[in-house]
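Listed below, chain by chain, are the residues.
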Amino acid sequence: MPQKDSPFRLAIVAPLPVQYNSPFFRRLAEQDGISPTVLYGTLAHTYESFDEGFGISYSWDIPLLDGYRYKVIPTIKTTDQDRGLALIAPRLLFELKRSRYDAALIYGWGDWYSRSALVACFVNKLPFFLTGDATPIYPDPPLRGAVRHLLLSILLNRAAGCLYVGTLQRIYFERLGVDDSRLFFHPWTVDNDRFFAAATFDTEKKNKLRAEFGLPADIPLVVFCGKFISRKRPLDILKALATLQREGVRCGAVFIGTGELKPLLESMAIREQLKDVYFLGFVNQSALPDALAACDVLVLPSEKDPRATVVAEAMATGLPVVISHRVGLWGFGDIVIEGETGFVYRCGSIDQLSEELRVLLVNSELRIRMGKAALERLKNWGLNERVEGVKEAIESLRRHRRIASH
């Protein structure tokens, strides 16, 4: 353990660079007293890589590796994915040593790269912090659930600290026996400033944005943004849209992204004779804030989305949100506040989704008020809070080490 005034050498274990982590890594690297090094298993998506969910090859068009120190730790097989046995990394046994680092921050336990890091920490007796996106809203079958509960209880209670990304994850950690003194707030967030800059509640400015994307002026538009895959249930939006349009509600839908369900979405829009349905395709990070700000309400109908970052992105551009109860961003203290920043409906209930959307689409004053509240909520849910959680976890570890040494 370093002396009090020496920089704390933190290894951050992440399978690959993602656009949500890089701004945080840069901000953390700017802090006095912390010397972070990010250990990647692959640099996929910093170059053109194939994504199975989108079904296309792409690379993010914002810097992912600038402003912080990183290393690439070889895995047993070169891969562009963040899952699979190819991510097993025996070399982490040699990297994660107490002579090099004072602790490790590991992003999850569900992938083989993170599991490799956990093994390395146990073997080398290196303290580690854990975070991720697990929540208690996806129950396992009884036997599997009991085994998982036992194993995770042991793992989490061996951690020096657990950094929770939202309300439901805190509950998850508490249920697994993690004491309050080892829980630290570490919100999963985006580079808010980049999205704040695009927010507009002015109709003329919004219509100018719409013109850039080929969208119509002066009509309420709901937006879905993400991979067109089954678990995200994008077809539910068209079903709700069909209900609303049959009732005479003037509205449309925008789909940002692509994936295996795109042909079904297109054919359904034609079959149901839906008006004002637009497919923008894959929109990269630099253009995404404007694309979201051009719309009015974000909808995420997913049946499993523990920490859907697009919700924070939309809220940071001033959009109210409608999410299913299987999207883990609700609960006291989280960002989706019922009736204030958005609505939560029962996943799969088209009637309830239609009703929540009707309330927002026919009342522009309510939309704007909730959109402003959503943006305001994100001002206290950003990089600074995320960094502070890590600093508090480090200080807690240092304090316990000082007590143990006396």
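Residues numbered from 1 in each chain as written. Predicted model: local features only at pLDDT ≥ 70, side-chain atom pairs only at ≥ 80, totals over all residues. Heavy atoms only, no water.

## A word on a nonpolar patch on the surface
Working step 1: Judged by side-chain polarity, L93, F94, V119 and V123 come together as a nonpolar surface patch covering roughly 360 Å² of accessible area.
Working step 2: Only helix 2 (92-95) and helix 3 (112-124) provide two or more residues apiece to the nonpolar patch.
Working step 3: Following the sequence through the fold, V119 ends up in helix 3.
Working step 4: Overall, V119 belongs to the partly exposed group, its relative accessible area being 46%. (Patch = residues over 30% accessible without salt bridge, like charges linked within 9 Å, V, L, I, M, F, W, Y side chains within 5 Å. Areas by Shrake-Rupley, 256 points an atom, 1.4 Å probe, with all protein chains shown as cover. Salt bridge = Lys/Arg side-chain N within 4 Å of Asp/Glu carboxyl O. Helix = DSSP H or I, 4+ residues; strand = E, 2+ residues; numbered from the N terminus. Buried < 20%, exposed > 50% of the residue type's maximum accessible area, 1.4 Å probe, protein only.)

## Quick notes on the packing of helix 1 (residues 22-29) against helix 14 (residues 383-405)
Working step 1: Here helix 1 crosses helix 14 at 60°, and the two axes come no closer than 10 Å. Comparing the axis directions of helix 1 and helix 14 gives the class oblique. The way helix 1 lies across helix 14 gives a crossing that is right-handed. Residues P23, F24, R27 and L28 of helix 1 form the contact with helix 14, whose own contacting residues are L383, N384, R386, V387 and V390.
Working step 2: Classifying every residue of the contact of helix 1 with helix 14 by side-chain character gives six nonpolar, one polar and two charged. (Axes fitted to C-alpha atoms, helices over the stretch in contact; angles between N-to-C directions. Parallel < 35°, antiparallel > 145°, perpendicular 65-115°, else oblique. Left-handed = near helix turned anticlockwise from the far one by under 90°. Contact = heavy atoms within 4.5 Å. Nonpolar A, V, L, I, M, F, W, Y, C, P; charged D, E, K, R; others polar.)

## Focus: helix 11 (residues 309-316)
An α-helical turn contains 3.6 residues, so a residue and the one three or four places further along point in the same direction.
Working step 1: In terms of residue burial, helix 11 counts as a mostly covered element, since eight of its eight residues are buried.
Working step 2: Among the residues of helix 11, T309, V310, V311, A312, E313, A314, M315 and A316 are the ones counted as buried.
Working step 3: G318 lies just past helix 11 and shows a positive phi near 90°.

## A word on the side chain of N124
Working step 1: Here N124 shows up in helix 3.
Working step 2: Residue N124 is classed as buried on the basis of its relative accessible area, which comes to 19%.
Working step 3: A polar contact of 2.9 Å, which involves the side chain of N124, links it to the backbone oxygen of L93.
Working step 4: Beyond its immediate sequence surroundings of up to four residues, N124 is in contact with L93, L96, K97 and R98. (Polar contact = N/O pair within 3.5 Å; in protein donor to acceptor, adjacent residues only side chain to side chain.)

## Overview of the pairing of strand 1 (residues 8-14)
Working step 1: Counted residue by residue, strand 1 has six buried out of seven residues, so it is predominantly covered.
Working step 2: With helix 1 bridging strand 1 and the parallel strand 2 (residues 34-40), this β-α-β connection has right-handed handedness.
Working step 3: Direction of pairing for strand 1 relative to strand 6 (residues 103-107): parallel, over a ladder of four bridges. Paired with V13 across the bridge in strand 6 is I106. (Right-handed = clockwise from strand over helix to strand, strands pointing away. Pairing = 2+ DSSP bridges.)

## Some details on the pattern of salt bridges
Working step 1: Enumeration over the complete set of coordinates arrives at 20 salt bridges.
Working step 2: The salt bridge partner of E247 is R358, with a shortest N-O separation of 2.6 Å. Of this pair, E247 sits in the loop between helix 8 (235-246) and strand 11 (252-256) while R358 sits in helix 12 (residues 350-361), placing them 111 residues apart in sequence.
Working step 3: Take E247: its relative accessible area is 47%, and that puts it in the partly exposed class.
Working step 4: Where salt bridges share partners, they join K71, E95 and R100 into one cluster.

## A few points about the sheet that holds strand 2
Working step 1: With respect to topology, seven strands assemble into an open sheet ordered 5-2-1-6-7-8-9, the strand pairing being parallel. This sheet does not close on itself; its edge strands, each paired only once, are strand 5 (69-72) and strand 9 (183-185). Strand-to-strand twist across the sheet, computed as the mean angle between neighbouring axes with direction ignored, equals 25°.
Working step 2: When strand 2 meets strand 5, the two strands line up parallel, connected through four bridges. Note on strand 5: the bridge partner recorded for V38 is Y70.
Working step 3: The sheet strands contacting helix 1 are strand 1, strand 2 and strand 6, and the helix crosses strand 2 at an angle near 150°.
Working step 4: Strands strand 7 (128-131), strand 8 (161-164) and strand 9 of the sheet are contacted by helix 5 (residues 167-175), whose axis makes an angle of about 150° with strand 8.

## Section: the packing of aromatic side chains
Working step 1: Overall, the coordinates contain 18 aromatic pairs when judged by the stated rule.
Working step 2: Seen from their ring centres, F122 and F128 are 5.5 Å apart, and the 70° between their planes marks the pair as edge-to-face.
Working step 3: Ring geometry for Y164 and F185: centres 5.6 Å apart, planes at 40°, overall tilted. Of this pair, Y164 sits in strand 8 while F185 sits in strand 9, and the two are 21 residues apart along the sequence.
Working step 4: Taken together, the ring pairs in this structure connect F24, F25, Y40, Y68 and Y70 into an aromatic cluster.
Working step 5: Residue placement shows R115 over the ring face of W112; its charged tip is 4.6 Å from the ring centre.
Working step 6: Note that K372 overlies the ring of F201, its terminal NZ or CZ placed 5.5 Å from the centroid. (Phe/Tyr/Trp six-rings, centres within 6.5 Å; stacked < 30°, edge-to-face > 60°. Lys NZ or Arg CZ within 6 Å of the ring centre and 35° of its normal.)

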